Structure formats: structure tokens, C-alpha cells
Amino acid sequence: MLKGKRLVLRPFRVTDAPHFVEWFNDQEVVRNLYSYLPINEVAEEKWINHIMEERLPVFTIEAIMPCDERKVIGNCGLIDMHQKDRNAEFGIMIGAKSFWGQGYGTEAANLIINYGFKTLNLHKIKSVAYEFNARSIKIHEKLGFSKEGYLKDHVYIDGNYHGVIVFGLLKKDWEKTEKIERSIK
């Protein structure tokens, strides 16, 4: 379990499935995700069980809960870990729309990225964001990610093709950011 100022990251539980089913069937939520097909609770429980069985080194995915409410509001994690290259892909979703725009995504991202670099000893974390997802782009920039590429017309959403921005963050750059933030406090 990883604990921040306002939230906790903990491993998935099968009891989280109803939340994820609700979010993944909400067009406003999935508009910003690669997932686009409606899901049901049985399929989601199967996926969560798979995540729990394959926990490390392949997956490190946690559920996000505000400390004071103990309510699941989304998920984040590091997937597609490569032990030899020491890299992984970061992803996050705040599914509970009433928590959008309040900094929970940034706090959760800080926790999981810190875990990736300090505990898992990753060298690099990559991530992607749709070109129209201003919140996601802002979080990546705030966390110190660099834009490393652009995939033109890569996803088809709402009747149009859109580009995808590819981000990367090296451990040495994350450590520099941490030192700067500590010196400011």
C-alpha cells in the first residue's frame, strides 16, 4: 500500500469490479482511454483476478482511494514492465468524475512513479496521452515527463482520428525534480 496526503494506493480487489464496470461503460470516462468496449462485471472480475495472479514483476496496478472517504475513485499503475531494460508504462484513470480536476491524479501519479523508480528500480517510465486530453498532458508535464514522440491519426474517437503524444521520464530526471521540490519546501 502506498499512502499520500489525500489518498491511498492499494492493490486491486475483486470487490472493485463494480466501480470499474461503471466507469468503463461511461463514454465520458473512456473517451480518454484505449479501452472503448462496454464491459460486464464477470469479465472485469476475471481481469482483476489475472492482475492479482500476475502481480509482480509484470503488473503493479493499484486502486485510488481518498484517505478520508475510503472510496475507490480510479486506478493507476505500471504495466508492461521489462526487467532487462528496467522500464514500464504508466497509466492512470480517475473514473469518479466528481473527483476530476482536484489534483488526485497528480498525487496518485507521484506515488506510483516514485514507487517505480525507488522500489522497482526502473530506469525509465513511458506514458501516452491523446492530443485533446489537456488534463493528461498537464499532469505529464507537471511530473517532469518529456514529449518523445507523436503518433499521427493513431486513435479513432467520436468520428475522427486523433494523434497520441508519447512521453518518457528517466529516473535521473525524476530525482532532479524531487531535489528541486524538497529545496522549495
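Above this note sits the structure.
Residues numbered from 1 in each chain as written. Predicted model: local features only at pLDDT ≥ 70, side-chain atom pairs only at ≥ 80, totals over all residues. Heavy atoms only, no water.

S.K.: Is there a simple way to think about the pattern of salt bridges in this case?
M.R.: Side chains that carry opposite charge are capable of pairing whenever their charged atoms lie near each other. Under the defined criterion, the tally for this structure stands at 9 salt bridges. Note that Arg-10 is salt-bridged to Asp-16, the shortest N-O span being 2.8 Å. Across this residue pair, the class does not change: Arg-10 and Asp-16 are buried. Put simply, Asp-26, Glu-28 and Lys-97 are held in one network by salt bridges that share partners. (Salt bridge = Lys/Arg side-chain N within 4 Å of Asp/Glu carboxyl O. Buried < 20%, exposed > 50% of the residue type's maximum accessible area, 1.4 Å probe, protein only.)

S.K.: Explain the packing of aromatic side chains here, please?
M.R.: We describe a pair of aromatic rings using the distance from one ring centre to the other and the angle between the two ring planes. In the structure shown here, the tally under the stated rule is 8 aromatic pairs. Among the aromatic side chains, those forming a connected cluster through ring pairs are Phe-12, Phe-20 and Trp-23. The ring of Tyr-104 carries Arg-6 above its face, with NZ or CZ at 4.0 Å from the centroid. Taking the ring centre of Trp-100 as reference, the NZ or CZ of Arg-135 above it sits at 4.3 Å. (Phe/Tyr/Trp six-rings, centres within 6.5 Å; stacked < 30°, edge-to-face > 60°. Lys NZ or Arg CZ within 6 Å of the ring centre and 35° of its normal.)

S.K.: Which parts of the structure should I look at to understand the pairing of strand β7 (residues 146-157)?
M.R.: Looking along a regular strand, one sees side chains alternate from face to face of the sheet. In terms of strand pairing, β7 meets strand β8 (residues 160-170) through 8 bridges, oriented antiparallel. Bridge pairing in β8 links Tyr-150 to Ile-165. In this antiparallel pair of consecutive strands, β7 and β8, the connection spans 2 residues, and Asp-158 shows a positive phi of 55°. (Pairing = 2+ DSSP bridges. Helix = DSSP H or I, 4+ residues; strand = E, 2+ residues; numbered from the N terminus.)

S.K.: Looking at this structure, I do not really get the environment of Trp-23. What am I missing?
M.R.: Structurally, Trp-23 can be placed in helix α1 (residues 17-24). Counting along the chain gives 50 residues from Trp-23 to Ile-73, while the straight-line C-alpha distance between them is 9.5 Å. The residues contacting Trp-23, other than those within four sequence positions of it, are Val-29, Val-30, Val-72, Ile-73, Gly-74, Met-93, Gly-95 and Ala-96. (Contact = heavy atoms within 4.5 Å.)

S.K.: Help me understand the nonpolar core, please; the structure alone is not making it clear to me.
M.R.: The tendency in soluble globular proteins is for nonpolar side chains to be buried side by side. Leu-9, Ile-112 and Ile-113 are the most contacted members of the largest nonpolar core, which has 47 residues in total. Looking at this core, the element that brings in the most residues is helix α5 (residues 104-119), giving 8 residues. (Core = buried A, V, L, I, M, F, W, Y, C linked by side-chain atoms within 4.5 Å.)

S.K.: Even after reading the chapter, I still don't get α1, so can you show me in this structure?
M.R.: An α-helical segment advances 3.6 residues per turn. Residues three or four places apart therefore align on the same side. The set of residues buried in α1 consists of Ala-17, Phe-20, Val-21, Trp-23 and Phe-24. In a view along the axis of α1, the buried residues occupy a sector of 165°, so they form one face of it. Buried positions along α1 lie against α2 (27-30), α3 (41-53), β4 (74-82) and β5 (87-94). (Arc of directions from axis to C-beta.)

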